[in-house]
Amino acid sequence: MFSRRDFMKQGLVPVFAGSAVPSIFANGVAAAAADSPHAIPNGRILVLVQLAGGNDGLNTLIPFQDGAYHDARPTLRQDTGVLTLNNQLGLHPNLKGLKASWDAGQLAIVQGVGYPSPNLSHFASMSIWETASVQGGIGDGWLGRYLNYLDQVGESPNHALEGVSAGSLVPPELRSKTPVTALQSLSAFRLQAVNEHGTQVDEENPIMKFYGGFKTSGPAPFGALLDTTLQEALLASHALQATDATYQAKATYPAKSPIASSLKLVAETIVSGLGVRVAHVTLGGFDNHAREKPVHDKLLLDLDQALAAFMQDLTGHGYGDKVLVMTWSEFGRRVKENGSAGTDHGTAAPMFLLGAPVKGGLYGEQPSLNALDNGNLKFTTDFRSVYASVLQGYLNAPASELLGGSYEILPLLKA
Amino acid sequence: MNMDDAAPAASPTTRSTPIWRRPVSRRAVLATGAAGAGAAALAVLWKGNDLSQILNRVQDLTRANQGALSDPRVRAGHLLRRAGFGGTATEIDRFAAMTTTAMTQAALDYQQTSNAALDGQLPALDLTSAKGPNAGAIQAWWLQRMVQTARPLEEKMTLFWHGLLTSGLDKAGPAQMYVQNELFRKMALANFDDLLKAVSKDPAMMVYLDTETNRKGKPNENYARELMELFTTGIGHYTEDDVRESARSFTGWTLQGGPQLRYTTQAAFIPRFFDSGQKTFMGKTGNFTGDDIVEMLVPLRATAERLSGRLFSFFAYPNPEPEIVRHLADTFQQSHYNVGTVVREIFSLDAFYSAKAYRALVKSPAELTAQILRATGADARGFLAAANAMAPMGQLLFYPPNVAGWPGGTSWINSSTLLNRINFANAAARRGAASSPAPTVDQLTANLIDGKVTSDTRDGLHAFAAVHPDDHAGLLFMALATPEFQLN
C-alpha cells in the first residue's frame, strides 16, 4: 500500500484515502492507463488542426496555371517554387512535408470546401464549422456529439482524456456532455500541493471536500462545474503524471514553434495510451488583411514542419495507422488581393486530410476564379460532407445522426 | 451544506414596480419564459452535465440564496468585487456603513480620489526608446495598477474596454498597447461615440485591425467589419455593402513613423489617402468620414442594447432580462451615450444586489490574480511573475485570443485552468508577506468570501488550522483555493 508521501515522491498526485475518495477515481483512469491502444474497440484517433483567422486557400493549394490567379494577386501570387500536384495545381513552396505525404499517397485534399450563404464573420463562420450547423450557436460541437455517441454505445472509457485540446480553453468543436481536457503542458498539469517546508501532502483532501460540498449548495451551474472539473483535473493529472517519464519523442520537433509544441503534447498524450479519441490544436494568425506574404509563408512553414514531426513521431511509436489529421479554417480569403498587400475575408478553401488512413488524391472540384460571388469563390463541396466522410468512413459513427442530415460520403479514407 | 446566513425572502413587492426595481428571486425569474431561456442558454454552455439536472438545481438554490444580499457587509463585498478587485476588511467595513447610493457614488466618483500613492509605486515605463517597453513590463504595470489603485472602477472599466474594443500584442507593439490602455483609462466612463472616435485613431487598434493600411482606392475591410459586428450593433444589422462603404470612409488615417509600425504611437490624417468620394452607408449617401460612420452607428438601438447588455453582464449577471436591457438602453440613449450613466444605473438596480446576481460570475484570471495579490501582498518582481502566471489560467493581459476578446463565464473553468488557479493561490500565499497577527479562519472567510461558506469549507479550514496552527500561509492558500473564491 502506498502512502501519500510515496505517491508524492514518485511525482504522482495522490489518490485520496478514506471516505473522501470520489467514485470517479474508482474506475476509468487506472483502467484507461492500463489499456493498450489495441484494447480499445475502435482505437482510431482524429486530430483536428484549426487554422484560425481564415487561411488563404488560394495561396495554399495554388492554381498556378490560371491567368485569373495571377491577375488577382499582383503582389501575393506564388510565381516560383510551387510544388506541383498536377498540371494545374500545386502546394505552396513551404509545404514540403505535405508534398512528401502526397507522394506517399497519405494526403487527401478536398477542394473548394464551404457552405451555402457564406458568413464572412470570423465568429459566425467558426461557430458554423464547430457545430456543423449553419445556424451556429452554443450547442455541443460536432466532435462533442461524437464523444457523446461513444458514451451512449458504451465504447468509451469516459474519462477526461478521450477529448483533449492543446491550450487553455476547450474548443467549441469538443463541447460535449463528457469531460474534455485542455492541456498546456504535462508537467504543469498537476496540483502543486507540497509546500516549501515539505509538509502537508494531505492538503488536497480538504480542498476536494470544499468542492464536493459546494457542488450542491453553490450557485448553478458553477457549483457542479467546479466540483466536476476539479475531479476531472486530478483524474487526468494522475494518469498523465504516471506516464510522464516514459515518453521519448521519436522525431525532432521544431523549436520556438507553438504549433509544434501543441502537436508534440498531443503526440505525448496519444502514445501514452490514455485513450485519446479526438484531439484539437490551433494555429492562429491567418487573418492577413495586410502584408500577408511573409506572415502566411511563415505560418505554412511552421504548420508543415510541425505536422511532419508529428507524423514521424506517431509512426515511430506504432500509431501511424491509427491517427488521421484534418485541417480546417473558418473561411478562405477574397480572390483579389486588397490594397494593403493582404486579403479580406472570403469563402471556400481546401481541407487537408493527412495520414495512413487516407486514400491520397484530390477530391471535389476546384472553384472557378472566373465565376465569383461578390468577389468570392463559390464552394463546390459542403464541409459537412467531409465531416460525414470522416465520421462514417473512419470513426465508424452514424454520420447523418450526428450531423442532423445526410451528406455525400467522399471516398477519402481506406476501409 | 447550506449557506450560513440564508435569510427569509426579501420584502414583498408591488405589482406596479418594474422588474428591474424589484429584488429578483431565482424562482420569480424562472417563472418567466425569457429568463428561463437565459438560464438554459447558460446551462448548455457547460459541457459536463445535462440541462434538466442544472435547472433543478437552480430551483433548489432559490431557497438557500434568497436573502444573500440583505447583509450590509455582504452587499459591500459584492460591490467591491464587481466594481473593482475586492475589498480589504477596512474597505468592506467602510462601505457597509453606507447607503446603496453612497456606495455607488464612492465607486463611481473616483475622479476625486487621488491615485498619488499608486503613481509613487509604479515603475517608470520607457516610452522614449525606439521599441518602448517590453510586453512583460506593461503586463506587470497594469496588474500592479489593479492591485494598488485607489480608483478600482477605473481599472475595472479599462479591463472591460480591453475585452470589448480589443487589440493585442500578437500584432500591435507594447508601447501602442500601453497608449491604448491609457486611452481606455482616461475615457473609462466617457460618451461612447467619443470613445469610438478616439479608438478608431488609436495606434494599437490601427495596427490590430489594419486601418493604418486602409487607403483611398485600396480599402481594407477589417476595422469596418469588426466595428459593426463586435463594437456596436452586432451581426444582422448591416450588409456586406455597408462593410465596404464604411471601410472607404475610414481611409485617410495612418501611422507616422519608421518602417517598424508596431513601435509607432503617432497617428495622422493624410488627406491624399482619404477617399473623398460619395459613400452609401445604411441607406444614407455622403462624403462620409470614419467619425461620420461612428455617429451613425452609436445612436442605433442595436448598439444601445448590445453595449448595455455587455455592461450589465460584465457587472451583474449574464443573459439579463430583456426588460433590464431595454431600460439600460433607454438610459444610454437619453444620456447622449454616456457610459458612466449606464454603469451608475446598473449599480443602482435592485437586480444588481439580487440573489440572482450573487456569485453569478466566474472570476476572470485578472480578477482572481489581482484579488489574490491584494490578499497576499506582492513586490515588484511578484507582479511580473503573477502577470505571466495568468497565461495558463487563460487570460494573458494584452493578448486576447482574437478580436472578440475572452469568451469568459464558464469558459474560464476547465481542468487545466482550475489547477493553475489553485496552484497560483498556493504560490502567492507562500511568497506573500505574513500579516501580524495572522487572521483567523472566520476573519479570512469574512473578508475573502463574505463569510458565506458551506459547512464543508468552514469545517475543513478549522480542521486545517487546528492541525497546522503555525502554517498561516497554508491557511490563507486554503481560503483562496475554495470554490467560493473562484466566483465573483
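Residues numbered from 1 in each chain as written. Chains lettered and ligands numbered in written order. Predicted model: local features only at pLDDT ≥ 70, side-chain atom pairs only at ≥ 80, totals over all residues.

1. What about the overall build of chain A?
The cut-off we apply is this: Only runs of H or I of at least four residues qualify as helices and only runs of E of at least two qualify as strands under DSSP, and these elements are numbered from the N terminus. By definition, residue pairs are in contact when their C-beta atoms, positioned from the backbone, come within 7 Å.
Along the backbone of chain A there are 12 helices and 12 strands. Long-range contacts, defined as pairs at least 24 residues apart, comprise 72% of the intrachain contacts of chain A with a sequence gap of at least 6.

2. A closer look at the overall build of chain B
Note the following rule: Here a residue counts as buried when 20 or more other C-beta atoms fall within 10 Å of its C-beta, as exposed when 12 or fewer do, and as partly exposed in between; the C-beta atoms come from the backbone.
Of the regular secondary structure elements, chain B holds 25 helices and 4 strands. The proportion of buried residues among the 488 residues of chain B is 56%. Restricting the contact set of chain B to residue pairs at least 6 apart, pairs at least 24 apart contribute 73%.

3. What about the sheet that holds strand E3 (residues 83-84) of chain A?
Residues and elements named next belong to chain A. Counted only if it meets this: Strands pair, by our definition, only if DSSP identifies at least two bridges between them.
The strand order E2-E4-E3 describes an open sheet built from 3 strands, whose pairing is antiparallel. Only two strands of the sheet have a single partner each, and these edge strands are strand E2 (61-62) and E3. Pairing of E2 with strand E4 (residues 90-91), which is carried by 2 bridges, proceeds in the antiparallel orientation. Of the residues in E4, the one forming a bridge with Leu-61 is Leu-91.

4. So, helix H11 (residues 383-393) of chain A
H11(A) sits mainly inside the fold: 10 of its 11 residues count as buried. Those residues of H11(A) that fall on the buried side of the exposure criterion are Phe383(A), Arg384(A), Ser385(A), Val386(A), Tyr387(A), Ala388(A), Ser389(A), Val390(A), Leu391(A) and Gly393(A).

5. Comments concerning unusual backbone geometry
The omega torsion of the bond from Ala220(A) to Pro221(A) falls at -5 degrees, within 30 degrees of zero and hence cis. By the element assignment, Pro221(A) lies in the loop between helix H7 (204-217) and helix H8 (222-243). Here the phi dihedral of Ala341(A) falls at roughly 55 degrees; this positive angle occurs in a residue that is not glycine. Within the chain, Asn319(B) stands out as a residue other than glycine whose phi angle is a positive 50 degrees. Mapped onto the secondary structure, Asn319(B) falls in the loop between helix H16 (301-315) and helix H17 (322-334).

6. Some remarks on the environment of Leu461(B)
Residue and element names in this part refer to chain B. Mapped onto the secondary structure, Leu-461 falls in helix H23 (residues 455-467). Here Leu-461 falls in the buried class, since 22 other C-beta atoms lie within 10 Å of it. With 15 residues separating them along the chain, Leu-461 and Leu-476 place their C-alpha atoms 9.4 Å apart. Those residues in contact with Leu-461, other than ones at most four positions away along the chain, are Val-441, Leu-475, Met-478 and Ala-479.

7. Concerning the interface of chain B and chain A
Short version of the rule: Residue polarity follows a fixed list, in which Ala, Val, Leu, Ile, Met, Phe, Trp, Tyr, Cys and Pro are nonpolar, Asp, Glu, Lys and Arg are charged, and the others, Gly among them, are polar.
Across the contact, 68 residues belong to chain B and 63 residues belong to chain A. Broken down by secondary-structure element, the contributors of at least two residues to the side of chain B that touches chain A are helix H2 (33-44), helix H3 (51-65), helix H13 (222-231), helix H21 (415-431), H23, helix H24 (472-480) and helix H25 (483-486) of chain B. Residue composition of the side of chain B that touches chain A, grouped by class: 28 nonpolar, 26 polar and 14 charged.

8. Digging into the nonpolar core
The condition that has to hold: The nonpolar core is taken to be a set of buried Ala, Val, Leu, Ile, Met, Phe, Trp, Tyr and Cys residues joined by way of C-beta atoms within 7 Å.
Within the largest apolar cluster, 254 residues are counted, with the highest numbers of intra-cluster contacts made by Val266(A), Leu143(B), Ile346(B) and Leu480(B). A per-element tally of this core places H8(A) first, with 11 residues.

9. Details of the packing of H16(B) against H17(B)
Residues and elements named next belong to chain B. The condition that has to hold: Orientation is described by axes fitted as lines to C-alpha atoms, over the contacting stretch for helices, and by angles from 0 to 180 degrees between their N-to-C directions. Note that the term roughly parallel is reserved for angles under 35 degrees, roughly antiparallel for angles over 145, roughly perpendicular for angles of 65 to 115, and oblique for everything else. Handedness of a crossing follows from how the near helix is turned relative to the far one, being left-handed for an anticlockwise turn of less than a right angle and right-handed for a clockwise one.
Between H16 and H17, the least distance of the axes is 8 Å, while the angle of their chain directions is 115 degrees. The angle between H16 and H17 falls in the class roughly perpendicular. Every pair of crossing elements has a handedness; the one defined by H16 and H17 is right-handed. For the pair H16 and H17, contact is made by Arg-301, Ala-304, Glu-305, Leu-307, Ser-308, Gly-309 and Phe-312 and by Ile-324, Val-325, Leu-328, Ala-329, Phe-332 and Gln-333, respectively. Here the contact of H16 with H17 is built from residues that sort into 8 nonpolar, 3 polar and 2 charged.

10. Focus: helix H19 (residues 365-376) of chain B
All names here are of chain B. To be explicit about the condition: What a helix should span is 1.5 Å times the count of its residues minus one.
Its 12 residues give H19 an end-to-end C-alpha distance of 16 Å, which sits within 8% of 16 Å, the value for a rise of 1.5 Å per residue. Burial within H19 is extensive, with 12 of its 12 residues counted as buried. Inspection of H19 places Pro-365, Ala-366, Glu-367, Leu-368, Thr-369, Ala-370, Gln-371, Ile-372, Leu-373, Arg-374, Ala-375 and Thr-376 among the buried residues, and these make up the whole buried set. Gly-377, located one to two residues past H19, shows a positive phi value of around 85 degrees.

11. As for the packing of H16(B) against helix H18 (residues 339-348) of chain B
Residues and elements named next belong to chain B. Contact pair H16 / H18: the axes reach a minimum separation of 10 Å and the direction vectors enclose 45 degrees. Of the possible angle classes, the one that applies to H16 and H18 is oblique. For the crossing formed where H16 meets H18, the hand is right-handed. Each of Ser-308, Leu-311, Phe-312 and Phe-315 in H16 lies in contact with H18, whose residues at this interface are Val-342, Val-343 and Ile-346.

12. Quick word on the confidence of the model for chain A
The condition that has to hold: pLDDT runs from 0 to 100 and stands for how confident the predictor is about each residue.
Of all residues in chain A, 85% attain a pLDDT of 70 or more, and the chain-wide mean is 85. Contacts from residues 1-41 of chain A, a stretch scored under 50 in pLDDT, to residues over four places away or in other chains number 65 contacts.

13. Digging into the environment of Ala425(B)
Residue and element names in this part refer to chain B. Here Ala-425 lies in helix H21. In this structure, the C-alpha to C-alpha distance between Ala-425 and Ala-481, residues 56 residues apart in sequence, is 6.5 Å. Among residues more than four places away in sequence, those in contact with Ala-425 are Ile-372, Phe-477, Leu-480 and Ala-481.

14. Examining the pairing of strand E5 (residues 107-114) of chain A
For a regular strand, the rule is simple: side chains alternate between the two faces of the sheet. Residues and elements named next belong to chain A. Counting buried positions along E5 gives 8 out of 8 residues, so the element sits mostly inside the fold. Across 5 bridges, E5 lies against strand E10 (residues 349-354) in antiparallel orientation. Within E10, the residue paired with Ala-108 across the bridge is Leu-353.

15. A look at the environment of Asp170(B)
Of note, Asp170(B) is situated in the loop between helix H9 (152-164) and helix H10 (174-186). We classify Asp170(B) as partly exposed; it has 13 C-beta atoms within 10 Å. Measuring from C-alpha to C-alpha, the distance between Asp170(B) and Asn222(B) comes to 16 Å, with 52 residues separating the pair along the chain. The residues contacting Asp170(B), other than those within four sequence positions of it, are Gly285(A) and Tyr399(B).

16. Concerning the confidence of the model for chain B
Residue and element names in this part refer to chain B. The share of residues in chain B with pLDDT of 70 or more is 85%, and the mean pLDDT across the chain is 86. Counting contacts from residues 1-16, a segment whose pLDDT is below 50, to residues more than four positions away or on other chains yields 29 contacts. Ignoring residues within four places in sequence, the model shows residues 22-67, a span with pLDDT below 50, making 89 contacts including any to other chains.

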